[in-house]
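# Inside the fold
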Amino acid sequence: MALSRGLLLLCILASEVWEAETKPIDFVCNKGTRRAMNIVVEMESALHQEKRGDIVASLRLLIEGVSVVRALSQPDCAAPLLQKIEKNINNYLLILMHIQLSGPVGSPAPSCVHPSTQSFSTVLLNYNRLISGKLERFMLTTMTEKTPLLHYRLTTSPEQKDEPQPPQHNGAKTDRDGQRSKEKTTRKLGVVFGVVMPTLLSMFSVVVFLRIGFVVGQAGLYQSIAMFLVAYFIITMTVLSVCAISTNGALDAGGAYYMISRALGPEFGGSIGIMFFFANVCGSALYVLGLVEAIMSTFGIPEDCDTAADLHQVLPSGYWWSLLYGTVVLFLCLLVCLVGAHIYAKATCIIVIIVAVVLACIFISFFIVGPTMVILPDSSVNRTSLSTANYTGFQLHTLKGNLLPNYTVDYTTGTMMSFATVFAVMFNGCTGIMAGSNMSGDLKNPSYSIPRGTLAAVITTFITYNLLSLLAAWSCERHLLQRDYSFLGDINIWPPLVPIGIYSSTVSAAMSNLIGASRILYALSKDNLFGGFLALAKKTSQSGNPWASVLVSWLLVQVVLFAGKLNTIAGIVTIFFLLVYAAVNLACLALEWASAPNFRPSFRCFTWHTCTLGIVGSLVMMFLINSIYAFASIAFMLLLLMLIHYLGPISNWGYISQALIFHQVRKYLLLLDVRKDHVKFWRPQLLLMVANPRSSTGLMTFINDLKKSGLYVLGHVHLGLLDGLPSDPVQSQYDSWLSLVDHLNIKAFVNLTLADSVRHGVQNLLFITGFGGMRPNTLVLGYYDDCTPQDLLQGKVIKSRGQGLDAVNLSIDPREQRNPFFPNVRGAEEPKDFQEEEYVSVIADAVKMGKNVTLARNFNQFNREEFLDSGKKTGKTGPFIDVWPLNLLRPDTSGYVDICSLFLLQLACVLHESRAWKRARLRLFLCVQAGCSLREGEEKKLRAMLKELRISAQVQMVAWDQVVALHWHKLEGRGRENLVESAHNDETRDRQEEEGAEAEDGVQKFPNNASRLTNEYICAVNNLIHRNSSPQPAVRFLYLPRPPADASRYRAYLHQVDLLSRNLGPTLLIHGVTPVVTTDL
């Protein structure tokens, strides 16, 4: 049966990988296997839609299944074949895990697997050829720009990406190939049409035509140039960061959001993506309002004007009329965006030509048009001012009058201007640098187009803005610049040409921002960062246009239009964009500081200095423009960041925080010098050995409370030898363990090892776990008893976080996706992995290695919530923590102040100080003889010691005369009147015995008197503990004796410890070997 199941799995694998019909074969060993394989043929249609994650999971299970089949089958049947298959399966698994594709499995090349494959043996032969090196074409047919950079760059060249794919022989793959070719057809924009033109049109819009005179008239030529230098300094630093990030990997749709999210992780990416989305929404509204302002200045009837309107001034004026005009313009932009980005890209070609002609005409007009008087537009603001102003031509006195600032009231809003407010308006002419990045999903080669196109557009606009500022300051009176924002049309050789340029550029910029906002929203919805909140935005047309995102963006732009005036929202738009630019620079700075080897952008004209200057400049200007808006935007971004961090799904994009943490932790670990350790800074660093997590969840959560901000490691030994396995089997188990750590909400590391025995595995973990000063100092073991383990995870849903946002599901069945794999608990009749002697040997090994040892018993009965919530519900004190610091098996040789007793007290105090156990109370039991004359003195001495150690505990005196009478010392007449006084002498004797117990081979052997203890005495001690357990404590701390030096006494030692702790409930048996407390400062 095992062989049948194994070959059945092999057939399923064949159907999944090659999707070829498998026919019954002749070389199998029995008819049952043939029938099973015929069933696989019928299942093949359901396996056509298998995902790559399912194949990975199947391969992992198959490796174990093949090993079992090979072990049980006869050598002449299938064992040699299975051994070869096992090796090939492992190779294929490694390839799949490294490629990390995100879609259905593509068909291999026809040269690898022929569609007429009809026998299982032929499939295996072709599979072996596939593994042997013919993966190039297979990888090319399945990789897209979503593939990680390393594999994408190493396996795909620009020529290969544009080559048509060879026809597939399997008809089942037509849809997938069609989808891939459709994705290629949607990417058809190059440098000029995809980046340069959208960026120029976004920057050559409102500022160049409507606000260049406003900037010069208010700030003067000197401050205007300074503003442009500051603004372009910020955006140049940002452009350098954008170029670096965009040339370090394959970009997808989403522009700046995609770059930030893939560089900084989903928290920063999602929060900045939302901010960038709102920035584009407000930017689109700003350009629409600029267009309405230009239309109204030309065709609008003047408000509150007593003079008659010109013939061309026919449009009614007013707030609601302007809102109506803006709505109509925005609706026209919506229609164009619904058609698709390619229509907009084609329209930009015409608009760029128009804008270029208009700008050329403007420059020529400054030299051709002579001095003239310009009639100023009427306004409800400054009605008493002059109604005309002069265009003087190039006059030196005009230039001198425009050099210095002269801030006045803005005639459109009635607001007093300042450097910050003017800069906020001017900076909107620089915010279009991301227009090309927003089109990344529509570009043929984003990594090539974005750097070149963006830099070309930035240089062009910088030169143009400064030339226009100089010409305007040299030829126009300040009053003209301050009172007529459309003066360029009044001094033009053909005045109607300037409005045409304004209308074209502003409409184009509005559409560019609307498309950019929709693409960002679509990228956010695809990444599922906000769950179902953005589910509607995922809908696309057949051509791939995200029409739902366009509609949502259009609706929000319409809401922003209610602001009414361009200058009103200019500050908000500027702050949004500055925040995004700061985040882009932060992303590049983080990548540079992380020193990740894979951060190797082909664009090298940047350093961490440029990133830092971009961040500082953006933040400073944000607060100079409006500190309230700046604080509010940053607070909103941080709120989004926290929401995504705690509620969003995990991603496999890579977290820059992990790289930075690694970079810093490595430095700090090197600084953590073990030679500088001091007892007053001691903390528990625990290694908990877990055989099966299904039966150990209670203990795992309890030890998490016991760690006291120390190191906590979950260890597990997988029995086996690497020589007989194709790969390390523990690597595939880490995801399940880490998912359980997340589920239990504990702060622990996971360390798994492969060993031939549990003892050797624990030794390996004790040797290698941790780095430098962060190494376990305490080993925690579950107790070795005959209790049948209980499955505490049965019925629990554990969400596996091993797959990220870009990964496929591991299984079609969601229940299988949510439950990490752990083996079933051991049955009552099943043997254990090791025997009593090996268990005690593990304890002895840990003591020899200088590790403290803790044995945890009966923690299957531990219910943390029940114990900790009992006091809260009743309003009484919390649970009790009982501490028995005396070595109960050797009352003749131990006192209350030895290293082990103090270690036991320290651990109990650590547990009590944890937040969850604050309401608990420590009970310290002091065992004395009733006739002892120093009984009160001992209690006083113990209380003084507790006070010096700052341990708050309730001390209880326990008379145990009858128990001590059963000890072998008493039975032989060797009892002493005062055990406390003899403690020093006994400890001296123990040390002498330890020194004399070293064997010739240098192995330390420890003295013991376990052979002379009787069961009657140990049971009496157990009963003594039972009698003094009212009310019942949550956990007990008992002194664990040192293991015997003689290995033949291990079984008896474990029996005595079993009798001591039997039926005591959750109990920790502790043996400490290191000093842990001090009374010094």
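Residues numbered from 1 in each chain as written. Predicted model: local features only at pLDDT ≥ 70, side-chain atom pairs only at ≥ 80, totals over all residues. Heavy atoms only, no water.

Attention shifts here to the sheet that holds strand E12 (residues 1067-1071). Pairing in this open sheet of ten strands is mixed, and the strands run E5-E4-E3-E6-E7-E12-E11-E8-E9-E10 from one edge to the other. Looking at which strands have only one partner, the edges of the open sheet turn out to be strand E5 (749-755) and strand E10 (954-959). On average, each strand axis in the sheet is tilted by 25 degrees relative to the strand beside it, whichever way the strands run. Two strands pair when backbone bridges link them, and strand E11 (residues 1035-1039) and E12 are joined in this way by four bridges, in the parallel orientation. In the sheet register, Tyr1039 faces E12, and the bridge partner there is Ile1070. (Pairing = 2+ DSSP bridges. Helix = DSSP H or I, 4+ residues; strand = E, 2+ residues; numbered from the N terminus. Axes fitted to C-alpha atoms, helices over the stretch in contact; angles between N-to-C directions.)

It is worth spelling out unusual backbone geometry at this point. Here the bond from Ser1030 into Pro1031 is cis, since omega is -5 degrees, no more than 30 degrees from zero. Positive phi is not limited to glycine here, since Asn858 has a value of about 65 degrees. Mapping Asn858 onto the fold places it in the loop between strand E7 (852-857) and helix H33 (864-874). Phi is positive for Asn1063, close to 60 degrees, though the residue is something other than glycine. Among the structural elements, Asn1063 can be located in the loop between helix H40 (1050-1061) and E12. Residue Asn1063 is classed as exposed on the basis of its relative accessible area of 60%. (Buried < 20%, exposed > 50% of the residue type's maximum accessible area, 1.4 Å probe, protein only.)

This next bit is on the pairing of E5. Among the seven residues of E5, six are classified as buried, and the element is accordingly described as predominantly covered. Note that the unit made of strand E4 (residues 712-719), helix H29 (residues 734-744) and E5 has a crossover that is right-handed. (Right-handed = clockwise from strand over helix to strand, strands pointing away.)

Looking at the protein chain as a whole, the pLDDT averages 74, with 70% of positions reaching at least 70. For residues 11-52, every residue scores under 50 in pLDDT, and the model assigns this stretch 85 contacts once sequence neighbours within four places are set aside. (pLDDT = per-residue confidence, 0-100. Contact = heavy atoms within 4.5 Å.)

Below, the discussion takes up the packing of aromatic side chains. Tallied over the full model, the rule gives 30 aromatic pairs. The structure contains a cluster of three or more aromatic residues connected by ring pairs, namely Phe276, Phe419, Phe423, Phe427, Phe577 and Tyr581. Taking the ring centre of Phe214 as reference, the NZ or CZ of Arg211 above it sits at 6.0 Å. Across the ring face of Tyr784, the terminal group of Lys832 is positioned such that the distance to the ring centre comes to 3.8 Å. (Phe/Tyr/Trp six-rings, centres within 6.5 Å; stacked < 30°, edge-to-face > 60°. Lys NZ or Arg CZ within 6 Å of the ring centre and 35° of its normal.)

Looking now at the packing of helix H14 (residues 319-339) against helix H23 (residues 547-560). Taken N-terminus to C-terminus, the directions of H14 and H23 make an angle of 170 degrees; their axes are 10 Å apart at the nearest point. The pairing of H14 with H23 is recorded here as roughly antiparallel in orientation. As H14 packs across H23, the resulting crossing turns out to be right-handed. Only Trp547, Val550, Leu551, Trp554, Val557 and Gln558 of H23 make contact with H14, whose side of the interface consists of Leu323, Thr327, Leu330, Phe331, Leu334, Cys337 and Leu338. For the contact of H14 with H23, the class distribution of residues is eleven nonpolar, two polar and no charged. (Parallel < 35°, antiparallel > 145°, perpendicular 65-115°, else oblique. Left-handed = near helix turned anticlockwise from the far one by under 90°. Nonpolar A, V, L, I, M, F, W, Y, C, P; charged D, E, K, R; others polar.)

Quick look at the packing of helix H30 (residues 758-768) against helix H32 (residues 836-848) now. Running from N to C, H30 and H32 cross one another at 20 degrees; their axes reach a closest spacing of 9 Å. By the angle class used here, H30 and H32 are roughly parallel. The crossing of H30 and H32 is right-handed. Residues Val758, Arg759, Val762, Gln763 and Leu766 of H30 form the contact with H32, whose own contacting residues are Glu838, Ser841, Val842, Asp845 and Ala846. Residue composition of the contact of H30 with H32, grouped by class: five nonpolar, two polar and three charged.

A word on the pairing of strand E6 (residues 778-782). The buried fraction of E6 is high, at four of five residues. Pairing geometry for strand E3 (residues 686-689) and E6, over three bridges, is parallel. Each residue of the ladder has a partner; that of Leu686, found in E6, is Thr778. Of the strand pairs in this sheet, E6 and E7 are connected by five bridges, and their pairing is parallel.

With that settled, consider the pattern of salt bridges. Scanning all chains against the criterion turns up eleven salt bridges. Measuring nitrogen to oxygen at the nearest pair gives 2.9 Å for the salt bridge that ties Arg211 to Glu293. Remark: Glu293 occurs in helix H13 (residues 266-299) and Arg211 occurs in helix H11 (residues 206-246); sequence separation between them is 82 residues. Arg857 serves as the salt-bridge partner of Asp785, at 3.9 Å between the closest nitrogen and oxygen. In this pair, Asp785 sits in the loop between E6 and helix H31 (814-818) while Arg857 sits in strand E7, placing the two residues 72 residues apart along the sequence. Note on Asp785: relative accessible area 16%, which makes it buried. A cluster of three or more residues bridged by salt bridges with shared partners is formed by Asp785, Arg857, Asp1058 and Arg1062. (Salt bridge = Lys/Arg side-chain N within 4 Å of Asp/Glu carboxyl O.)

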